Amino acid sequence: MHKPALRGRQGPWGWLFVSPSVLVLGLFLALPIVMALWVSLLDWNGQSNPFTGGQATFVGLDNYRGLLTEDGLDRTLFATSLRNNAYYVLLFVPLSTGLGLTLAMIVNQRMLRGRSLLRTTFYFPSVTSTIAVSTIFLFLFQGSGAVNSLLSWIGVKGPNWFADPRGIVWVTLGNLGLADPNHPSGFLTDHGFMGLSWFEWLSGPSVAMSTMILLATWTTSGTFMLIFLAALQDIPRELEEAAALDGVNRRQLLRHVTLPALRPVLFLVLTLALIGSWQVFDMVYVMGQGAPGNTTLTPAFMSYQSAFKNADYGQGAAIAFILFAIVLACTGAQRWLLRERNPRQGRRR
């Protein structure tokens, strides 16, 4: 008889206990987001208070129009950054996820010797400073660096990795004799989207961006390995033993037992990889800052450059919110694609 009254008193006490966390999140997360949204509607150079008038001019959606619809350098640069980052996402997400899962399955073998050493070795790049690793990669991939020296031993002349703006799609097609990158089709050069020709959209990541993707995959796969490893160790051994009694091979075990059991963890890893790949900044800042030819420019770095170098904080904030919308859309699409599809239930009699 007294339970409803007791439950009624639990509400205020619950809000009282969570109020410190709600206050901190509101003060340091929600409020800055609202302030940044207001700044994205202004022409503001950061030298005055954007909330009291002064040198801040309200321009409405002009910052968004300049990036998305109006012809000009800003839209061309933003489209270039989206193209670069889109190829980064398309390559980095499956490579890092697949490599992390493969490493986890390797170190999860019960009969494997030195598993602890292998786990430490595979995870070590993930705890290393990205700035330090990026600096080392700059030396390794120089024109006369260690990588090109190794390639020369097998008769391959390596490119000048961080000074090569060519897209790997056209480079590959040109080497195979399937296309001439120096004389592209007129349709590809005369038509385009957001200020970029289709030839530029379809060029693929540049050689420099491909090197960054390789670096990011190497430094991130260790973290994903640990996540997958924890999930693999939670799979009951009875499932594997039952599958072995049924005569399934390793491929069938992976497809019908392991991957279905890893579905929630796989969604988590893919989401982390997707969000992190759209926010790539530190490698770009250290290794190229958009060079060569803006082929390593990303929206996150362009937002920083617009705000802190060009003193156009309105455009920088607008880029950040467009990027936020892209991340939400990609995450929602990924959640829909990876949803659990239940078979139709038969009609009830």
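All of these numbers come straight from a predicted model, not from anything done at the bench.

Focus on the pattern of salt bridges
Logical step 1: Scanning all chains against the criterion turns up 3 salt bridges.
Logical step 2: The salt bridge partner of Asp164 is Arg166, with a shortest N-O separation of 2.8 Å.

With respect to the side chain of Ser303
Logical step 1: Position of Ser303 among the secondary structure elements: in helix 15 (residues 299–309).
Logical step 2: Looking at Ser303, the relative accessible area reads 13%, which means it is buried.

So, helix 5 (residues 130–140)
Logical step 1: If you check which residues of helix 5 are buried, you get Val133, Ser134 and Phe137. Taken down its axis, helix 5 places every buried residue within 100° of arc, on the same side. Along helix 5, the residues that are exposed and aim more than 90 degrees away from the buried face are Ile136 and Phe139.
Logical step 2: If you follow the buried residues of helix 5, they end up packed against helix 10 (207–233) and helix 14 (282–287).

Details of the UniProt feature "transmembrane region" (unreviewed entry) in the protein chain
Logical step 1: Taking the numbering used here, the UniProt-annotated feature "transmembrane region" (unreviewed entry) corresponds to residues 12–39, 86–108, 120–141, 207–232, 261–281 and 317–338.
Logical step 2: Helix makes up 100% of residues 12–39 and strand 0%. Its end C-alpha atoms lie 36 Å apart.

Observations concerning the environment of Ala79
Logical step 1: With respect to the helices and strands, Ala79 occurs in helix 3 (residues 73–107).
Logical step 2: The spacing of Ala79 and Leu67 is 12 residues in sequence and 8.1 Å in space, taken between C-alpha atoms.
Logical step 3: Excluding residues within four positions of it along the chain, Ala79 makes contact with Met194, Leu196 and Trp201.

Some points on the confidence of the model for the protein chain
Logical step 1: When the pLDDT values of the protein chain are averaged, the result is 89; 95% of them are 70 or greater.
Logical step 2: Residue range residues 345–349 is modelled with pLDDT below 50. Its contacts to residues more than four positions away, or to other chains, number 0 contacts.

Reading the values: rules and limits
Residues numbered from 1 in each chain as written. Predicted model: local features only at pLDDT ≥ 70, side-chain atom pairs only at ≥ 80, totals over all residues. Heavy atoms only, no water. Salt bridge = Lys/Arg side-chain N within 4 Å of Asp/Glu carboxyl O. Helix = DSSP H or I, 4+ residues; strand = E, 2+ residues; numbered from the N terminus. Buried < 20%, exposed > 50% of the residue type's maximum accessible area, 1.4 Å probe, protein only. Arc of directions from axis to C-beta. Contact = heavy atoms within 4.5 Å. UniProt positions renumbered as here; feature names shortened; annotations may be inferred. pLDDT = per-residue confidence, 0-100.

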